[in-house]
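The residues making up each chain are set out below.
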2 protein chains.
Amino acid sequence: MATISDVAFRAGVSTATVSRAFNGKSTVDPALAERVFRAATELDYRPNSLARNLRRQATTVLALIVPDVENPYFTAVARGVEDCALSAGYSVVLCNSDGDPDKERRYVDVALQERMAGVVLSPTAAGVGVTALRERRTPVVVVDRMPPDAAVDQVSVDGRTAACEATTHLLAEGYRRIACLAGPNGGTAAHDRLDGFRDALRTSGRGDGGGLGWQADGHGASGALQAARRFLADDEPPDAVLATDSATAIGVLEAMAERGLLAGRDVGVVAFDDGPWGRVLDPALSVVVQPARRIGSEAAGLLLQRIAEPERPAERIVLDATLTVRGSSRRG
Amino acid sequence: MATISDVAFRAGVSTATVSRAFNGKSTVDPALAERVFRAATELDYRPNSLARNLRRQATTVLALIVPDVENPYFTAVARGVEDCALSAGYSVVLCNSDGDPDKERRYVDVALQERMAGVVLSPTAAGVGVTALRERRTPVVVVDRMPPDAAVDQVSVDGRTAACEATTHLLAEGYRRIACLAGPNGGTAAHDRLDGFRDALRTSGRGDGGGLGWQADGHGASGALQAARRFLADDEPPDAVLATDSATAIGVLEAMAERGLLAGRDVGVVAFDDGPWGRVLDPALSVVVQPARRIGSEAAGLLLQRIAEPERPAERIVLDATLTVRGSSRRG
DNA sequence: CTGAAAGCGCTAACAA
DNA sequence: TTGTTAGCGCTTTCAG
């Protein structure tokens, strides 16, 4: 592959001039620049980012580490991060922690070793990777789940209020035994939602606010299915359920189908996260919509700010989720 | 950040020894190695991959460029690539071309500039990025859509046969006016499926095999929705449809719901790609299942082989898709 | 088995 | 405005 000196030689200038031309420095004679670019195209030259970054001590790649790329919520977040990063000249690499702290650590190490400019992280367990990053002074912004203490940039969604609102809605529709089903790797996000669920029960004066909290048996819809089968087989099964993510919701719906239970009429269902398929169900799925893409772009924005100005105080952006009521949570 | 010389100094050895220790070279006195590692942990040293890669002229990062990260099919492929790559010590960066040749080129350039070890590419248009990569002798394997000529490693699915089988099944169920609806960025994959669809019509002696080919108006379910609205409003609307991907299927289902049409009974539906939500529909969605994750791991395997042995002849792996019949394509 | 030294391709002072 | 030069942090001959 052609190097900067090949280009310099062919254009009859020094490597410094080539470098300046390629970096758009003002101080380059247009005629020379022209020659440089001609030589470069003739040689099909591509600057070697490795060398450049080594010299500059800075890269322009951002990492986004999420617990599950197959969760549409996170892919939407990824799009948001991309939107913002690309237009600022950064590229984004998407990494999958699988909800496993070890894998998270591994990717954090990769980011560190590659000297990436910063990372957007949706942490698996409290602060495993975040602290590592912060110790090494690598800019990081936390998305979605939050170690409550850390002075770290964050963008999150007020899931507690949203869960409360959803539960209140279910109560208002006349459902009485409401369960909340969470996925297996309950981060603080899931926790928040459970809190909101309990808030609603307490406020309504129904019991001590303990509510019926369930956790899926394993990853994805199948884990949720098993849990749902179990609680639907109970003597006094719930008559409504709040699912904390899409996969969980699908498990619940499957379990209901097995017993011939219809959403809305028999069991009220509200789920976090909206997917295009929610509307083709009959009845359509009531959802709590999180502004996923926006979360991503805000996070990237915060990260870019911190990269530019490492000492600025930590900031937290809290976005609202909105309840969209459809048939699955209406009795009628 | 601590560098190799900091570690060398602290351990009282040369940088060469540190390097050797970290790279697990046999020829290092255990006692020295011990000292090196102690010093390294004390300093919290992380090797700088930039420097290492610059020196070695080789990275251990793979790029995976797909047209749409929000399509579950591609995230599944990504998991497959990851499975294989991670266990071989490579990391994977996921890039989104959005079906746009320009974005694809941009990411190909990033891969080139970063001197990535290789790329798995699901091309948007015929060969835009592939040729660029091949000219620069960067290992590449094409997934899913294939410029038929190029001598390039590929892993694909026999979509033509699968589409033919699906269409034949629809015919056998008694549907007579079958449409095939494709997404907006029809790669060769969509093309194949349309071909298979036509094969089936021709074989069955129904018309000239031209069939009813439709293309979605735009990206995602909404684009498909508009197209589906149009053909359902036809004088002689189709009585079955083969959708070439999930998003398209959702658009069709939505359009059907608007007109009160029930899948199976009124309009037979088969879609490419299986998602967990297909089973919670009533009737459940008949699908053509592609071994997405497998595709990814095979592709990564091929890529690794080519990296190891650049001159080996190009290989093509063709995987089968399987038809899973559920209620949406059964009249009864 | 270990160290000295060269150099990967690029950028940024510093001179001219 | 341009060239010269000294590294960025690491690996890898080549001697010892």
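Owing to the predicted nature of the structure, the values given are computational and were not obtained by experimental measurement.

A. Just the domain arrangement of chain A, in detail. For chain A, the assigned domains read domain 1 (4–47), domain 2 (57–152 + 296–321) and domain 3 (159–290 + 323–329). Between the C-alpha centres of domain 1 of chain A and domain 2 of chain A there is a distance of 36 Å.

B. Up close: the pairing of strand E3 (residues 118–121) of chain B. Residues and elements named next belong to chain B. Residues Gly118 and Val120 of E3 are buried on one face, and the alternating residues Val119 and Leu121, pointing to the opposite face, are buried as well. Direction of pairing for strand E1 (residues 61–66) relative to E3: parallel, over a ladder of 4 bridges. Bridging across to E3, leucine 64 finds its partner in valine 120. With 3 bridges joining them, E3 and strand E4 (residues 140–143) adopt parallel strand pairing.

C. Molecular detail of the relation of the copies chain A and chain B. After a rotation of 180 degrees and a shift along the axis of 0.0 Å, chain A superposes on chain B with an RMSD of 0.1 Å. Taken together, these values place the two copies in the relation of a two-fold axis. Comparing contact sets, 100% of the residues at the interface of chain A also lie at the interface in chain B, consistent with an isologous, same-surface contact.

D. Molecular detail of the sheet that holds strand E2 (residues 91–96) of chain B. All names here are of chain B. Taken in spatial order, the 6 strands of this open sheet run E2-E1-E3-E4-E5-E11, and their pairing is parallel. A strand with exactly one partner marks an edge of an open sheet, and here the two such strands are E2 and strand E11 (316–319). Put simply, the sheet's adjacent strands are angled 15 degrees from each other on average, direction ignored.

E. Region of the structure containing the protein's contact with DNA strand C. Looking at DNA strand C, there are 24 residues lining it, with Ile4, Tyr45 and Arg55 of chain A together with Thr17 and Arg20 of chain B nearest. Counting only the atoms of DNA strand C that lie within 4 Å of the protein, the sugar and phosphate share comes to 64%. The contact in question runs from a base oxygen of DNA strand C to an N or O atom on the side chain of arginine 55 of chain A, over 2.4 Å. Breaking the surface near DNA strand C down by element, the ones donating at least two residues are helix H2 (15–22) and helix H4 (49–56) of chain A together with helix H2 (15–22) and helix H4 (49–56) of chain B. When grouped by side-chain class, the residues that make up the surface near DNA strand C number 10 nonpolar, 8 polar and 6 charged.

F. Representation of the protein's contact with DNA strand D in the model. Within the structure, DNA strand D sits among 24 residues, and Thr17, Asp29 and Leu32 of chain A together with Ile4 and Arg55 of chain B are positioned closest to it. Near-protein atoms of DNA strand D (within 4 Å) split between backbone and bases, with sugar and phosphate holding 64%. Taking glutamine 57 of chain A, its side chain carries an N or O atom lying 3.0 Å from a phosphate oxygen of DNA strand D. Serine 19 of chain B is positioned with one of its side-chain polar atoms (N or O) 2.9 Å from a phosphate oxygen of DNA strand D. Of all the secondary structure elements, the ones that give two or more residues to the surface near DNA strand D are H2 and H4 of chain A together with H2 and H4 of chain B. Across the surface near DNA strand D, the residue classes tally to 10 nonpolar, 8 polar and 6 charged.

G. Examining the pairing of strand E10 (residues 286–289) of chain A more closely. All names here are of chain A. As defined by bridge partners, strand E9 (residues 268–272) adjoins E10 across 3 bridges and the pair is classed as parallel. Counterpart to alanine 271 in the pairing with E10 is valine 287. Inspection of the sheet shows E10 paired to strand E12 (residues 322–324) by 3 bridges, in the antiparallel sense. When the sheet's bridge partners are listed, valine 287 is paired in E12 with threonine 324.

H. Just the packing of aromatic side chains, in detail. Residues and elements named next belong to chain A. Enumeration according to the criterion identifies 8 aromatic pairs over all chains in this entry. Of the aromatic side chains, those joined through ring pairs into one cluster are Phe22, Phe37 and Tyr45. The ring of phenylalanine 272 carries the charged tip of arginine 193 above its face, separated from the ring centre by 4.2 Å.

I. Structural detail: the interface of chain A and chain B. The interface of chain A with chain B comprises 49 residues on the first partner and 49 residues on the second. Taken over both partners, the interface formed by chain A and chain B buries close to 4,800 Å², and the fraction arising from carbon and sulfur atoms is 52%. By the criterion of area lost to chain B, the three top residues of chain A are Arg46, Leu50 and Arg136 of chain A, representing 15% of everything that side buries. Salt-bridge contacts for aspartate 98 of chain A lead to arginine 79 of chain B; the nearest nitrogen and oxygen are separated by 2.5 Å. In this structure, the connection of chain A to chain B is made through 18 residue pairs in polar contact (both at pLDDT 80 or more). When contributions to the side of chain A that touches chain B are tallied by element, the ones reaching two or more residues are H4, helix H5 (72–87), strand E2 (91–96), helix H6 (101–113) and helix H11 (246–258) of chain A. For the side of chain A that touches chain B, the leading source of residues is H6 of chain A, giving 7 residues.

So, how was this worked out
- Residues numbered from 1 in each chain as written.
- Chains lettered and ligands numbered in written order.
- Predicted model: local features only at pLDDT ≥ 70, side-chain atom pairs only at ≥ 80, totals over all residues.
- Heavy atoms only, no water.
- Domains from an automatic or database assignment.
- Buried < 20%, exposed > 50% of the residue type's maximum accessible area, 1.4 Å probe, protein only.
- Helix = DSSP H or I, 4+ residues; strand = E, 2+ residues; numbered from the N terminus.
- Pairing = 2+ DSSP bridges.
- Least-squares fit on C-alpha atoms with pLDDT ≥ 70 in both.
- Contact = heavy atoms within 4.5 Å.
- Axes fitted to C-alpha atoms, helices over the stretch in contact; angles between N-to-C directions.
- Near = heavy atom within 4 Å.
- Polar contact = N/O pair within 3.5 Å; in protein donor to acceptor, adjacent residues only side chain to side chain.
- Nonpolar A, V, L, I, M, F, W, Y, C, P; charged D, E, K, R; others polar.
- Phe/Tyr/Trp six-rings, centres within 6.5 Å; stacked < 30°, edge-to-face > 60°.
- Lys NZ or Arg CZ within 6 Å of the ring centre and 35° of its normal.
- Buried area = accessible area lost by both parts, 1.4 Å probe.
- Salt bridge = Lys/Arg side-chain N within 4 Å of Asp/Glu carboxyl O.

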